[in-house]
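Descriptive analysis of the structure
Given next are the chains, with one letter for each unit.
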Amino acid sequence: MPEDAAAILLGVPAAPGVFALRGERAEDEPYIVRGADLRRRLRRLLAPPEEVDEAGKPVLSKRLNLREKVRWIEWTRAGSEFESGLVLYGAMREAFGAEAARKKLRLYPPYFLRVTMGHEHPRVYSTNRLSKRALEETFGPFPSRAAAERYCDAVLDLFKLRRCYEDLQPYPEHPGCAYGEMKMCLEPCKMACSAEEYAAEAGRVLEFFETRGESMLAGIAKERDAASEAMDFEGAAELHKQWEKVKAAAALADELVRPVAELRVLVLQESAPECSGNPDLQVREIGGTPEAAVFLLEHGRIVGPERLSTLGVRAVREQTAVGSSLFAQPLMLAAVPLGSELAGQGVSESGGAVALSPEDRAREVLERLAARADEAGEAEIAERCDTLSLLRRWYYRPEKQRAGEVFLPNADGGWPLRRVLNGAARVVLGAPGEMQAVDREGAKAVAKGLKTKVIHAGREGVERVVAVLPKRARSRKAVVPGDLAG
């Protein structure tokens, strides 16, 4: 009943999430939206009207009020805005269909770069359309079309691949283009090169995209070092300029830009608390172990979340002012009180529980996510575009506005477990605070004023080192410990 709305909303948490308001009839479309505070947003929609007329009827207002139309409330609590977006997309897709959900959420396919290796005369161009047969030759996603074309032009300046859009029919009298006149194209339109030469050039461009420029940088660096050893410093300088140009072109693509078919991303976010009582109670308030929510993008869809316990892990700075590796380990362990409940446990051969190390817990979480992704299978092209659009919307925000951590696989396909654990600790516990500045000069001054005296303790030969204070400090009364009073 509308009169019971205030009491009902007490069971809704004042936390981020997604909710759906439904009417009495099943055929009515639900009102689905997400909010940073579910209870506050629902109160605004279900609150009594602010003004009524003489007959007691509500006065029309621009403010949306669904108090008399709602009969069912469904809500899902989320730990982060990223998770809310995924939940909202899934709910709208189930309620309205994929096309309507795409329009309501304004999901536009991101831009990619495609290398048409199947064409007789391959070329590179930007597009926001994916093809199932060309996923291996498509690279992205980029934040915008301008970013994709900027990267494309910078890379093509390093090679002699054609940039024209026409379906070539080569013949010797072809007029060509400006790039051919500037010797920036092999001019296949004029039959100035063989098919094998042009295919080899296209293969080098594809390899540049696949290796993010390393295929070209390694060769130039080798030639530069050889020129330096041969005392050809002018040639080495020219090669170094070329190396810097290639490096600048490769830097125009973000680390996320990969072959679409091989794109795998790990996203860490704050997890929604699990508690069965007061909906406003947080995990730390009930003595639970802080956990991070882990999402995996694989096979074109995002699966998760899986909870990753941060028990025994604390966030550290990767670099400190001290500069010592002792204070810059990639993983720092925190002390765990005896008797605390472990977040991850295994089973030994005897059947007893065995506490898992942080790396083992992270490995198990990633294995569960990979199994869920394999079970779901390859996503359709439309769903893959929606997933990449959601990822791009979150990833390409300014770093200060992007909550959470993101990780990409290593060169061998594995995940950086220690970095993932350190990132989970930062997500849950927050970034480590600034270290207190060390007054080195003051410490040296104090050390200068101290003199040491060695006292031999009889036959046992035990030596005691006693600090002798300066004259000014000696005049003050000092409390001498009992074992040194004699």
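Report follows, based on the coordinates. In this text the structure is predicted, and so the values were computed from the model without any measurement. (Residues numbered from 1 in each chain as written. Predicted model: local features only at pLDDT ≥ 70, side-chain atom pairs only at ≥ 80, totals over all residues. Heavy atoms only, no water.)

Attention now goes to the side chain of serine 84. On the secondary structure map, serine 84 appears in helix H3 (residues 81–96). Ignoring anything within four residues of it in the chain, the contact list for serine 84 reads Pro16, Gly17, Val18, Arg34 and Ala78. (Helix = DSSP H or I, 4+ residues; strand = E, 2+ residues; numbered from the N terminus. Contact = heavy atoms within 4.5 Å.)

Moving on: the pairing of strand S9 (residues 291–298). Most of S9 is tucked away, with seven of its eight residues classed as buried. Two elements, S9 and strand S10 (residues 301–309), share seven bridges in a ladder whose sense is antiparallel. Bridge assignment links alanine 293 to a residue of S10, and that residue is arginine 307. In textbook terms, the turn of a hairpin is the stretch between consecutive antiparallel strands, and for S9 and S10 this stretch comprises two residues, one of which, histidine 299, has a positive phi near 60 degrees. (Buried < 20%, exposed > 50% of the residue type's maximum accessible area, 1.4 Å probe, protein only. Pairing = 2+ DSSP bridges.)

Once that is clear, we can look at the state of the cysteines. In the structure shown here, the tally under the stated rule is zero disulfides. With no disulfide partner, cysteine 177 has as its closest neighbouring cysteine sulfur the one in cysteine 185, 5.5 Å distant. (Disulfide = S-S within 2.5 Å.)

Glancing now at the packing of helix H7 (residues 195–211) against helix H8 (residues 214–229). Interaxial distance between H7 and H8 falls to 7 Å at its minimum, and their mutual angle equals 100 degrees. Of the possible angle classes, the one that applies to H7 and H8 is roughly perpendicular. Of H8, the residues touching H7 (which contributes Glu207, Phe208 and Thr211) are Glu214, Ser215 and Met216. (Axes fitted to C-alpha atoms, helices over the stretch in contact; angles between N-to-C directions. Parallel < 35°, antiparallel > 145°, perpendicular 65-115°, else oblique.)

Attention shifts here to the sheet that holds strand S8 (residues 265–270). Across the sheet, four strands lie side by side as S10-S9-S8-S15; this open sheet has antiparallel pairing. The open sheet terminates on both sides in strands that have one partner only, identified here as S10 and strand S15 (405–407). Sheet twist, expressed as the average angle between the axes of neighbouring strands with direction ignored, equals 25 degrees. One ladder, built from three bridges, connects S8 with S15; its direction is antiparallel. Residue valine 267 lies in a different strand from S15, and its bridge partner there is valine 406.

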